[in-house]
Each structure stands twice: as structure tokens, then as C-alpha cells.
Amino acid sequence: MSRALLRALAAAVVGLAVLPVLGLALGWFRPPGLLAPPPVTLDRVLPLAGKTLALAACVSALSLALGTWLGWMEQRARYRGVRLLALFSMLPMAVPSYLLATVLREVFAPGGWFGAPLGLTGRFTGFWPSVLALTIGCTPYVQLLVGAALRRFPEAQEEAARSLGAGPWRRFAQVVAPHLRPTWAFALVLVAVYVVSDFGAVAVLDCEVLTWALYKARSGRDAVLLGFGIMAMVLPILVAVRLVEGRLEHAPGASNERSGTRRAPRRSALALTYGLHAVMIGLGFALPVAALTAWTLRGVVHGASFVAIGASVRDTLLFAAAGAVVTVLLALAPAWSNGRRRDRTARLLEHGAYVASGLPGVLVAFGLLQLLLALRRTSPDLPWQALERAGLLLMLGYALRYLATGYAAIKPAVLRLDPRQEESARSLGAGRFRRFLRLSLPGLAPGLAAAFALVFLALLKELPITLLLTPIGSTTLAFRVFDAQREGSLPDVGLAGLVLLTLALGVKLALQRWRTHA
Amino acid sequence: MTALRIERLGHAYGAARVLSDVSFAVEPGTCVAVLGASGSGKTTLLRSVAGFVTPAQGRIFVRGAVVVEDGRERVPAERRRVGMVFQDYALFAHMTVRENVEFGIHRDPDRAERVRGLLALVGLSELAGRRPTELSGGQQQRVALARALAPRPAVILLDEPFANLDAALRARLGEEVRDILRAAGVATLLVTHDRADALSLADRVAVLGGTPARLLQLDTPEAVYARPATRAVAALTGEVSFLSGTARGQVAETPLGPVALTAAAQGAVTLAVRPEQLRFDAGEGTSRVLSRRYFGPRSHLRVATPAGELGMDAADAPAPGTAGSVRVVGACAAVAD
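Conventions we followed
Residues numbered from 1 in each chain as written. Chains lettered and ligands numbered in written order. Predicted model: local features only at pLDDT ≥ 70, side-chain atom pairs only at ≥ 80, totals over all residues. Heavy atoms only, no water. Helix = DSSP H or I, 4+ residues; strand = E, 2+ residues; numbered from the N terminus. Rg over C-alpha atoms; globule rule 2.2 N^0.38 Å. Buried < 20%, exposed > 50% of the residue type's maximum accessible area, 1.4 Å probe, protein only. Contact = heavy atoms within 4.5 Å. Areas by Shrake-Rupley, 256 points an atom, 1.4 Å probe, with all protein chains shown as cover. Pairing = 2+ DSSP bridges. Axes fitted to C-alpha atoms, helices over the stretch in contact; angles between N-to-C directions. Parallel < 35°, antiparallel > 145°, perpendicular 65-115°, else oblique. Left-handed = near helix turned anticlockwise from the far one by under 90°. Nonpolar A, V, L, I, M, F, W, Y, C, P; charged D, E, K, R; others polar. Bend = angle between axes of the 7 residues up to and from the residue. Buried area = accessible area lost by both parts, 1.4 Å probe. Salt bridge = Lys/Arg side-chain N within 4 Å of Asp/Glu carboxyl O. Polar contact = N/O pair within 3.5 Å; in protein donor to acceptor, adjacent residues only side chain to side chain. Domains from an automatic or database assignment. Phe/Tyr/Trp six-rings, centres within 6.5 Å; stacked < 30°, edge-to-face > 60°. Lys NZ or Arg CZ within 6 Å of the ring centre and 35° of its normal. pLDDT = per-residue confidence, 0-100.

Peer 1: How should the overall build of chain A be read in this particular structure?
Peer 2: When helices and strands are counted, chain A shows 23 helices and zero strands. Relative to its length of 518 residues, chain A is compact, with a C-alpha radius of gyration of 24 Å against a globular reference of 24 Å. Along the three orthogonal principal directions, the C-alpha set of chain A runs to about 80 × 80 × 50 Å. Counting all 518 residues of chain A, 53% fall into the buried class.

Peer 1: How should the overall build of chain B be read in this particular structure?
Peer 2: Helices and strands together make up the secondary structure of chain B, namely eight helices and 18 strands. Overall, the C-alpha framework of chain B stretches about 75 × 45 × 35 Å when taken along its three principal axes. Taking contacts inside chain B between residues at least 6 apart in sequence as the whole, the part at least 24 apart equals 63%. As displayed, chain B offers around 14500 Å² of accessible surface, 49% of which is attributable to carbon and sulfur atoms.

Peer 1: What should I look at first to understand the side chain of Thr273 of chain A in this one?
Peer 2: Tracing the backbone shows Thr273 of chain A in helix α13 (residues 267-301). Residue contacts for Thr273 of chain A: discarding those within four places in its chain leaves Trp69, Leu70, Met73 and Tyr79 of chain A.

Peer 1: Can you walk me through the sheet that holds strand β16 (residues 308-314) of chain B in this structure?
Peer 2: Each strand in a sheet pairs with its neighbour through backbone hydrogen bonds, running either in the same direction (parallel) or in the opposite one (antiparallel). Residues and elements named next belong to chain B. The strand order across the open sheet built from four strands is β16-β15-β14-β17, with neighbouring strands paired in antiparallel fashion. On the outer flanks of this sheet lie β16 and β17 (323-328), each paired with one strand and no other. Going from strand to strand, the sheet's axes swing by 55 degrees on average, the running direction of each strand aside. The pairing of strand β14 (residues 278-294) with β17 spans seven bridges and is classified as antiparallel. Bridging from a neighbouring strand, Ser287 pairs with Gly324 of β17.

Peer 1: Looking at this structure, I do not really get the packing of helix α2 (residues 18-28) of chain A against helix α16 (residues 361-378) of chain A. What am I missing?
Peer 2: For any two helices packed against each other, the geometry comes down to the angle between their axes and how far apart the axes lie. All names here are of chain A. Close contact between α2 and α16 brings their axes to 7 Å; oriented N to C, the two are set at 60 degrees. With respect to each other, α2 and α16 are oriented oblique. Of the two possible hands of crossing, α2 and α16 adopt the one that is left-handed. Only Leu363, Val364, Phe366, Gly367, Leu368, Gln370, Leu371, Ala374 and Arg377 of α16 make contact with α2, whose side of the interface consists of Leu19, Pro20, Leu22, Gly23, Leu24, Leu26 and Gly27. Broken down by class, the residue content of the contact of α2 with α16 amounts to 11 nonpolar, four polar and one charged.

Peer 1: Hey, could you run me through α13 of chain A in this one?
Peer 2: Of all bends in α13 of chain A, the biggest is about 50 degrees, found at Gly282 of chain A. Downstream of α13 of chain A by one or two residues, Gly303 of chain A has phi in the positive range, about 70 degrees.

Peer 1: For this particular structure, what's the right way to read the interface of chain B and chain A?
Peer 2: In many analyses, interface size is given as the accessible surface area lost on bringing the parts together. Between chain B and chain A, the residue contacts involve 23 residues of the former and 23 residues of the latter. Carbon and sulfur atoms supply 56% of the area that chain B and chain A bury against each other, a total of about 1900 Å² over both sides. One salt bridge in this structure joins Glu78 of chain B and Arg162 of chain A, with 2.9 Å as the shortest N-O distance. The set of elements that each furnish at least two residues to the side of chain B that touches chain A consists of β7 (82-85) and α4 (137-149) of chain B. Classifying every residue of the side of chain B that touches chain A gives 14 nonpolar, four polar and five charged.

Peer 1: Looking at this model, I keep getting lost on the side chain of Arg105 of chain A. Mind explaining?
Peer 2: All names here are of chain A. For Arg105, the position within the fold is in helix α5 (residues 97-107). At 3.1 Å, the side chain of Arg105 forms a polar contact with the side chain of Glu106. Within the structure, Arg105 has its side chain in polar contact with the backbone oxygen of Val204 (distance 3.1 Å). Ignoring sequence-local partners within four residues, the contact set of Arg105 consists of Arg123, Phe124, Thr125, Val204, Leu205 and Gln485.

Peer 1: When you look at the environment of Arg83 of chain A in this model, what are you seeing that I'm missing?
Peer 2: Residues and elements named next belong to chain A. Locating Arg83 in the fold gives a position in helix α4 (residues 82-88). The exposed category is assigned to Arg83, whose relative accessible area is 63%. Separated by 72 residues in sequence, Arg83 and Ala11 have C-alpha atoms that sit 44 Å apart.

Peer 1: Mind showing me how you'd approach the environment of Glu176 of chain B here?
Peer 2: By the secondary structure assignment, Glu176 of chain B is in helix α5 (residues 167-184). Taking the C-alpha atoms as reference, Glu176 of chain B lies 8.3 Å from Val122 of chain B; in sequence the two are 54 residues apart.

Peer 1: Before we go on, may I ask you to explain the sheet that holds strand β8 (residues 155-159) of chain B in this structure?
Peer 2: Residue and element names in this part refer to chain B. Reading across the sheet, the six strands line up as β7-β8-β9-β3-β10-β11 and stay open at both edges, with mixed pairing between neighbours. Unpaired on one side and paired on the other, β7 and β11 (214-219) mark the two borders of the sheet. Adjacent strand axes in the sheet meet at a mean angle of 20 degrees, parallel and antiparallel pairs treated alike. Two elements, β8 and strand β9 (residues 187-192), share five bridges in a ladder whose sense is parallel. Counted as the bridge partner of Val155 is Ala187 from β9. Strands β7 and β8 of the sheet are contacted by α4, whose axis makes an angle of about 175 degrees with β7.

Peer 1: Looking at this structure, I do not really get the domain arrangement of chain A. What am I missing?
Peer 2: All names here are of chain A. Parsing chain A into structural domains produces domain 1 (1-28 + 309-518) and domain 2 (31-252 + 266-304). Between the C-alpha centres of domain 1 and domain 2 there is a distance of 24 Å. Interface of domain 1 and domain 2: buried area, both sides summed, is about 3700 Å²; carbon and sulfur atoms make up 79% of it. Ranking the residues of domain 1 by area buried against domain 2 places Trp28, Leu490 and Leu501 at the top, with a combined share of 18%. At the boundary of domain 1 with domain 2, the tally comes to five residue pairs in polar contact (both at pLDDT 80 or more). Looking at the side of domain 1 that touches domain 2, the elements that each hand over two or more residues are α2, α15 (344-357), α16, α21 (464-469), α22 (477-487) and α23 (490-517). In terms of residues, the side of domain 1 that touches domain 2 owes the most to one element, α23, which gives 12 residues.

Peer 1: Help me out: how do you make sense of the packing of aromatic side chains in this one?
Peer 2: Counted under the stated rule, the structure contains 17 aromatic pairs over all chains. Measuring from ring centre to ring centre gives 4.6 Å for Phe108 of chain A and Phe124 of chain A, while their planes differ by 25 degrees; the resulting arrangement is stacked. Taken as a pair, Phe108 of chain A in the loop between α5 and α6 (115-118) and Phe124 of chain A in the loop between α6 and α7 (127-152) lie far apart in primary sequence, 16 residues in all. No difference in accessibility class separates Phe108 of chain A from Phe124 of chain A, as the two residues are buried. Aromatic side chains Trp212 of chain A and Tyr215 of chain A sit 5.8 Å apart centroid to centroid with 10 degrees between the ring planes, which places their arrangement in the stacked category. Placement of the pair is Trp212 of chain A and Tyr215 of chain A together in helix α11 (residues 210-217), with a separation of three residues, close to one helical turn. Of the residues examined, Trp212 of chain A reaches a relative accessible area of 4% and is grouped as buried. Taking relative accessible area as the criterion, Tyr215 of chain A reaches 8% and is therefore assigned buried. Grouping aromatic residues by their ring pairs yields a cluster made of Phe199, Trp212, Tyr215 and Phe482 of chain A. The ring of Tyr225 of chain B has Arg274 of chain B sitting right over it, with the charged end atom 4.0 Å from the ring centre.

Peer 1: When you look at unusual backbone geometry in this model, what are you seeing that I'm missing?
Peer 2: Note on backbone geometry: most residues besides glycine have negative phi, and most peptide bonds are trans. Note that the residue after Thr211 of chain B, namely Pro212 of chain B, is joined by a cis bond; omega there is -10 degrees. Note on placement: Pro212 of chain B falls in the loop between β10 (204-209) and β11.

Peer 1: Would you explain the confidence of the model for chain A in this entry?
Peer 2: If pLDDT is low for a region, its predicted coordinates should not be looked at in detail. All names here are of chain A. Within chain A, residue pLDDT values average 86, and 92% of them lie at 70 or more. Across chain A, the element-wise mean pLDDT spans from 71 in helix α19 (residues 419-427) up to 96 in α5. Under a pLDDT of 50 for its full length, residues 250-259 has, in the predicted model, 17 contacts with residues more than four places off or in other chains.

Set out below in C-alpha cells:
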């Protein structure tokens, strides 16, 4: 395949991201159905946007503070269990936000495990419960980023400051903090985009923000306006992520030098750290596992039927595997093209892939649905509905949402391919196909496998696209958890949630082991 | 008052003991170089003095005050008044040269004057507004030195200070640094594995060796080179060949003939002979040139002699295979094993 053709293909793949936006735009011109759509007013959208921003601000501030503290202690303090606690504090990342939100809602409900002793009377839903659920979910990401930045930061600079008489606060404020600033900025936008895009937690906890309102509106110009509202909020943040990430890659201090030595912390700091670990790991992982197990057992004791859980597992694995294959195949073109040629177009394509994948799942799914409806209106005789029934629309939604995940895993493998090997194969008479098959493919295989595993893991837990685009008659585990929690069927939430968690943790563990041994 | 005193210092990382029973002192205005092979505990010693490692045994005094004692830190690093110049300088990349130098004296009302004076001392007055990344390696080195000197420390520690510089620059900068430190009158502890740096810059050299590392010899550069106490010290301080012989007072009989001794001895001895003390006389003799490496003004020869294979310097360059005799000029030290 010629370079120009490959690049055109790469551009076409990245260009697919336009489809949901196009669908959204076409949705505006959709004729009203039997029921007249509600009036389109900014009065409805602006408070939702304000609440979304407030949620993002609260969660960002909290997870930045908590993640920085825990990251700092993990890298710089010496206390019992520090490594094990650092490992355990990543466990909440395996719990999908809708599952965590369901557990929190139920245990803090009046009469719940915590709600009863605390004497809570109202439903545990709305803004602050959402802040809690999302903060627990986001803090490990910040902790990881800050920990990595501190590991890269040369110990000698902190020691130099010590030898010049600077105490711990001055060392942190004047020497360490300036190096952490790009990391903080990156973490801030990452958390903000996560919160603005999140659907699961806000849906379960009934927090009136843009994504949840969009899902509830589903049709009409109001929904389109909400969709564009989300996009207006997310796109600047995504562009900011790209800019900050670029700076992060070039930040000084990245070195192989020895990182900071551990010192025994003060008692108060130690108590705070253990307390935070207890809350984050306890609420973020131990509590969901305990609650899901208890609900399942209660279901078993009361003779719940757990209808067709096997079919849900099959559908989950099938859709996740197929979605991962489609995503990896689509991501291969831009990754190959950009890995082989580093120029302005390559950078633009890369930014495009990342920004496109950053759009919230609910927006992607809604846009694709609107596009399908518009196509049906335009050419009613063509079998458009078959796209949805065959699951092709779902695959497209998955691929658009996780293109960047696949791309990020494949591109380093492309960069690692040694062009001299290919040149030597050419000089030995190997044609393009043979070179790809015998040299490039074996070299790319680990990257492709990693991309598949990462996308597969993400798709196992994915909710909004699954909810809106899954073919009628199929039910994934995520779908089932969401449905069951709305109907109040906790045993069903328990079993589906436990199976989902086990699958996610299993894949994550396998990926971790494979990376360690690779 | 002694600027730095180290008493019976010992340390281990887990089960691995790295330092044992090291004692010496550094007087104000003088420089002691700690010389040792990689892994000989030099860096542990330096970091113990700085306060970044708490040694398990022994005591360290800075200007007479104990700062660490048998595994207990008495004075933390930030209050020890011990300045340090790191191997890679560890300059704060986000600060200017002026801000770097000012960092340790931010509460000093006369800091502006002090920074000006120090930058003038290290010859960087013109570059005060630059960031470290805009400076050459030698300039960064001088900023690090000025920064360490700014709080008027009792002791300055130099950790392999010239390791990142090319040969020409390290020779020039080495002299500059020595002059600056002497002008400042500060006690200096220099850690290096480079014997040329140790011998040329220090007033005294402390040679570390063994497992765990012990102080093998502490003496002037001339003494550790010309009169090494042990084989290890002789090898660490320069290229050396060893000759077996029998000492009778000031002279020892060796397979190369009688050799003068630096100190009277009796009985079987091992002599440390430097390459420049050996002469090869082409012509009759039982020795033969095995190989020759040409360095311009001199050549280095490997010669098979009745005393075994020896390395020596020669002004002329006899070809491999040339026969002749080898003799020793000057006095040699008898070394312990």
C-alpha cells in the first residue's frame, strides 16, 4: 500500500469521528413526531451546564488534593504496608462508576449498611453523592500520575534544597511543586473530561447534569442542544489535554536518576494517610465487593432465578471481543501511518484521533442514532435498521470511543520496528507483503495484543454506548446492572456486578502479568 | 576548630556492610579527597556527612557539634551547614542562576550583595539571569559551587565534581574550583574515583578499599603515591608493578638488582614500582619488549623481565621483540598485602 493511500485511510478512520457530530446536526432537522418536542431554550441547558461544571470542579479539586497526598506518601514516606497499599489503592479503577454509585446509593440509603447507623433519612442521590463516587473513581488516576512524576524527579534536587537549609514545605513548594505543575494540569483536565463525560455514576445517582439529561431526553431538539452543550464543554478540555500532554512529554527532570528517598512521616501525616487509604480502598473496592456478594447471596437464599446470566456473559464477551477487534483494525491505519512518518499531518491526525475518542460515550451513541434516523428518513427503502440489528452500529460506536486507546498501544510498537531490518529484507528480495508478514507483523504483535486487551477491558465495562446501541434481544452485563438497579433488583445487580468485576479484574491482572514478563 | 570530624563510621544496607570503622578529620581551608573504586562506600560516606543517609555506627561532628551518632540523627541535613555540589549539579531548572544561588540565603538581608560577590568569584556575573539549561557544563558546575557556598557552610562536599566534563575542561576547572574554595576558606571533602583529581586537588587523600570499605591510608597526595601502605592503595593511586625482594635496611635485593627503599625494612618484601621508575636499556640482557603503546611524548611498554611482566614508561619507543635489561631508579615503597 502506498504511503499516500495509507495516509488517506488513516485520515478516513479519524474522520469517522465526524459521524456522531453529523448525526447530532441532522437531528436538529428531524420533523416532530406525534408528540411536539419541548421548546428549545437555553434556560434549560445553562443550569445543567453549570451543574456539570460544578461537579467537574469539585471532583477535580478533591481528587487532585487526595491523589497528590497519596502519590507523595507512596513515593516519599516510609511506613508499614506502603507498597501493598499503593497496589490496593489502584483497585477502585476496576470498578465501573455505575456499579460503585449503585453500591453507595444502597448502603447509604435509609436502612442501608451505613445509612441506618448514621440515621440518614433521605435518598443518597444527587450532587454530593456523585462527587463522592466520582472522586473515589478519579483519585487513583491522579495518584498514579503524581507518583510517576515524583519517580522521575531527581532526588539530587531535593537533597540540594535540603543541604541549602530548606525545610519540607519549602522544598515541596519551591522545588518539587514547579515540576509537578504540568502533571497537575494534565490530571486536572483528565479528571474534568472524565467527569463531564461520565454517564454511569450521574445516571444511577440521578444527578441532573448534561449527559444524564441527554440520555433522558433522547429525542427532539432539546436533546440536540444538550449534545452540543456537552461538546462545547468537552472539546476545549480535550484540546487542552493534548496541549498539556505535549508539554508533559518535554518536561525537564525526566531522567533515570535515583528518585527520592523515603523518610518516616509524622504521626498525624501517617494517621491521615492510613485513614485515606481505608476510605478510598474501603469505599472504592472492598465495599462494592462485599455489597455485591451480600446481594447475590440474598438472592440465592430467597431463590432468585438469575435469568439467563450465561447469555449476558456470552453477549458481553462477544461484543467486547468484536468491538476490540474492529477498534484495533481501525487504529492500525493511523498508528502505522503516523509511526512511520512524523510530520505536521501525522501530528494533526494524532490530535484528531485523541480528541475524537474523548467525546463522551453518550454523545457518540446519541449522534450515531440520530444519523441512523436521518438516513432512514432520506432513503427509507434501504435496510438501515439491519446496521443496528447486526450490532454494526454498536461496533462503530465502540471503535469511535476507544480509537485512541488502541492507537496509543499500537504506535509505540510501530516506532520500535527497525527500518534497517526492512531495508535488509528488501535487499534480500522480500516483497511488501512478505516483509509485512515476516517482519512487521511479529514486531507489531505485542502492541496489537496490548491494544486488544486494553480496548476489551474498557468495553467490558462500557455503559452508555452499550445501552443505546446494543441490538434488541441482547443484554450485556453492564446493561443488566443498569437495568436491575433501576428496577431495584439488587440480587441481579449483585451477580451481574460480581461477574463483571471478576472479568475486569481477570483481564487487568493478565495484562499486568503479561506486561511484567514482556 | 576542626570543620569536620568523622569517628569510627560504619554502615550497612540490609545485610551488606559497605563501610567500617572510618575515621578522619578535615580542617578549615583544606581539602581531603576520598579515593576508592566503584562500590567502595565513598558515596555512602559523603551522603552520611550531608545527612541524606543515617550511618548505623560512628559519629560525625561539624564544627565540633555532633550531627549524627550511632544511627541517631542529631541534626537534620537542612540544619547541618554542609554544602554539597552534586555530580550532575542538581541545579533547579525552573530558576535563574541568581535564584539558584539565592535559594539557600533567602532570609539573609544582604543576600543580593552576597549573590553578586559569589557570581563574581565564580566568574558568572554576566549570566545571572540565565537558566541552567542555557549554560555549558563548566558554567553549571560553577553555579552549583556558588550555590553551595552561599550559606557559608562549614564544609563543602564535592561528589565526583568533574565526572561530566571533558578532559581539557576538567583540568582547568579543577584548578579554578580549588582556588575558589581556598579563597572561601572552607573545608572541602571531595569524593572521586579519579586518582588524577584526588592527587592534584587535595591537601590529603583518604583511600578507601576492601569489603566492607575501610580507610586504608590517609596522607598527602605525594605520600599515598610514593609511599603507599598496601598493594590496594598503590593500585588505586596509580599504575604500579610489584617486585618481590629481600630487604636489608634501606636496600632490597630483587631479580632486577638492588633497589633503594623509602623506609628501612628487613626480610621478604613486596615493592611497589611506578612505571616512571623503570628504565629499559636496549642491548644485552634477559628482558624483552612484549608490546608498545605510543602516546606521543612517551611510550608505554610491557616488558618480560626476570621479575615477571612489568609496565613502564619510556621516552624512546623500542619495537616489540627488542632485547635489553631493566633497572629501577629512585626509592620504592615496601607494601603490605
